[in-house]
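Observations on chain architecture
Given next are the chains, with one letter for each unit.
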Amino acid sequence: MLWPLEQRIQYLLQQCTFNQLKQIHAFILTTSLLHDIHIKSKFLRRSTEFGAMEYPNLVFSQLGGFSNTEVMVWNAMIRGYAYNGPVDGCIYMFDEMLQRGLKHNNFTYPYVLSSCSEMGWFGKGRKVHAQVIKSGFESNFVVSDSLLNMYMKMSDSFELFGTRNGKLNDARMIFDDTCVKPVELWNRMISKYVSTGDIESARQLFNDMPERDVISWNSMISGYARIGDVANARDLFEQIPEKNVVTWTSMIGAYSGSGDLKTATCLFEKMPCRNVVSWNAMISSYTQNGKYEESLDLFVKMQMEGVDSDGFTFVSVLSACSNLGALGFGKWVHSLINDWSQLGFIVGTALMEMYAKCGDVNSAFTMFIKIWNKDVFCWNVMIKSLAIHGRIEDAVKLFFLLQKIGLKPNSYTFSSTLFACCHGGLVEVGHEIFHSMERDFGVCPKLEHYGCLIDLLSRNGRLEEAVALVRKMPFKPDIAVWGALLGGCRVKSDLKLAEEVIEKASLLEANEPGVYVLLSNVYASAGHWQEALTAREKMEEKKVWKKAGSSSVIHDHDHDLSMEADAHRDIYNLQE
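Residues numbered from 1 in each chain as written. Predicted model: local features only at pLDDT ≥ 70, side-chain atom pairs only at ≥ 80, totals over all residues. Heavy atoms only, no water.

Regarding the environment of Val128
Looking at where Val128 falls in the secondary structure, it is placed in helix H8 (residues 122–135). Separated by 19 residues in sequence, Val128 and Tyr109 place their C-alpha atoms 7.7 Å apart. Every residue in contact with Val128, bar those within four places of it in the chain, is listed here: Phe94, Tyr109, Val112, Leu113 and Cys116. (Helix = DSSP H or I, 4+ residues; strand = E, 2+ residues; numbered from the N terminus. Contact = heavy atoms within 4.5 Å.)

Written out as structure tokens, the structure reads:
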């Protein structure tokens, strides 16, 4: 059976390549199909589906360009600009239609509203909304759905500037005026309220729903979990007709977020089915709550059960290794990562930080070199790690290299670099870096930056400059600043200033034993033994004690993973 020519062309347009499209174009130009508006508009529409607008613009001009009066043709171009860009071309075409007296329809508005959202032109979006009302399409589901999306995105932009829920009322009005509301639409509105922290409005909407699905329940449970309302989250968890893995995981997050790891663990153990997200939730809960060994125990169990880890798993586990100083375990985790570059630089940075915190700064630096497209956070971690391990010159070189490749240092970058200068005695370099913060980079110095410079000056015998800086800085000195000055007093044996500092420091009531130890050492270095003893006695009177130092680096065989020995050796065989 032969198809009519029009049907054959429409069928070919659905599956043709770009080169085949050009052949179809040539054929249309040589036949009577050139005058068929449906064929022309469908051909133009198909020409916009190859990622660029050069060819569609050529076709549009052959169809009469801006003098063309067929709305279908204009809609095809508007759709093309919305998908391919430049997006403002979509809005320009829309305005041109209005200038030429062409009537927009329900196929025009969704793409224009989407473009207004993408461009952040919400004022223009409101004007388009007015046109929607005038033309009577506000009751069309696709148009009202596009309006809802635009006003939701508008509320996001207001939230960026600190006005939470500033324009969510507009979105709610569109929602309320929508005639047909499928459950997906209810879920989107509830989810939006949850994301802005308005759980009360979300719950009212949830209660009003004519029917709910598991997404509706999960949105509310996760909403209560986010604000720490475990009671309401648990109440809904008990009521939900059918729980899925997201439901269980959200409830685990609620308990762990409130610090109740015991109940979170019980829920995790009761889960009928777990996925990698569930495991990640429990592992990260242990890590975030300082239960590092439990985090590693659970990771071992995850490996035993054959669950594939992802980037989130590795970041949580490597963080636990960093805090424990478990270098051997960290190396084993590293060996499990087949291609960390595919998991993103966050995993690479976590590996780098793990090696650095566990004392292997050379491996950390090797990881740093291997990471492509490093962000400023990655550089910050490496600068601080080098500084801590005494590689001061390397840390400072990285600071200047960071700028050379076009990255802008942030507040933490300056803290790390000033820390390096302080511990390397680089007074002039540190002084210049501090003053370049606001002058060259627009980063306003914080108390911690002033503290680093004061410490740098005090350590290197420039006590008068340090005192002058304390007096003129726009912050009240904290215990660290007074401690830095006191250290300078010890260097210069300035007993009078030391007594002034200790008097002011005592007003903070920080109960910091290091201050009294420093004062005692200042007196002792000057041979004032009675005063040194008195300073120690004052520390005892205030019941503040200096803790003995200890290393966080542990030996692998001393780390009890709370697993059976045989299973442990099968999974984690790192014996010496």
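A closer look at the packing of aromatic side chains
Applying the stated criterion across every chain yields a total of 24 aromatic pairs. Their ring planes at 85 degrees and their centres at 5.2 Å tell us that Phe206 and Trp217 sit as a pair that is edge-to-face. With a gap of eleven residues between them, Phe206 in helix H12 (residues 199–208) and Trp217 in helix H13 (residues 214–226) connect regions that are remote in the sequence. Here Phe206 matches Trp217 in class, with each residue buried. For the cation-ring pair, Lys181 lies above Phe175, with the distance from its terminal atom to the ring centre recorded as 5.4 Å. Above the plane of the ring of Phe237 lies Lys243, whose end atom (NZ or CZ) is 4.8 Å from the centre. (Phe/Tyr/Trp six-rings, centres within 6.5 Å; stacked < 30°, edge-to-face > 60°. Buried < 20%, exposed > 50% of the residue type's maximum accessible area, 1.4 Å probe, protein only. Lys NZ or Arg CZ within 6 Å of the ring centre and 35° of its normal.)

Notes on unusual backbone geometry
The omega torsion of the bond from Gly85 to Pro86 falls at -5 degrees, within 30 degrees of zero and hence cis. One non-glycine residue with positive phi stands out, namely Asn373, at about 50 degrees. Structurally, the position occupied by Asn373 is in the loop between helix H22 (361–370) and helix H23 (376–388). Here Asn373 falls in the exposed class, since its relative accessible area comes to 69%. Of note, the phi angle at Ser493 is positive, near 55 degrees, even though the residue is not glycine. Judged by its relative accessible area of 39%, Ser493 is partly exposed.

Focus: the environment of Lys243
By the element assignment, Lys243 lies in the loop between helix H14 (230–239) and helix H15 (245–257). Taking the relative accessible area as the measure of exposure, Lys243 reaches 30% and is therefore partly exposed. Between the C-alpha atom of Lys243 and that of Val214, which follows or precedes it by 29 residues, the distance is 7.3 Å.

Focus on helix H4 (residues 54–62)
All buried positions along H4 are accounted for by Tyr55, Pro56, Val59 and Phe60. Down the axis of H4, the buried side of the element spans an arc of 140 degrees, and every buried residue falls inside it. Gly64, located one to two residues past H4, shows a positive phi value of around 110 degrees. (Arc of directions from axis to C-beta.)

Structural notes on the layout of surface pockets
A volume near 330 Å³ is recorded for the largest pocket. In this structure, the largest pocket is lined by 14 residues; those nearest its centre are Arg45, Asn75, Arg79, Phe107 and Tyr111. When residues of the lining of the largest pocket are assigned to their parent elements, the largest contribution, four residues, is made by helix H5 (residues 71–84). The class makeup of the residues in the lining of the largest pocket is six nonpolar, five polar and three charged. (1 Å grid on protein atoms, 1.4 Å probe; cavity = no way out; pocket = protein on both sides within 12 Å on 5 of 7 lines; lining within 4 Å. Points joined across faces, edges and corners; volume = space filled by probe spheres on them. Nonpolar A, V, L, I, M, F, W, Y, C, P; charged D, E, K, R; others polar.)

Here's the deal with H22
Within H22, the full set of buried residues consists of Val361, Ala364, Met367 and Phe368. Around the axis of H22, the buried residues are gathered within 115 degrees of arc, so they sit on the same side. Set apart from the buried face of H22 by more than 90 degrees, the exposed residues are Asn362 and Ile369. At its buried positions, H22 is contacted by helix H20 (327–336), helix H21 (345–357), H23 and helix H24 (392–404).

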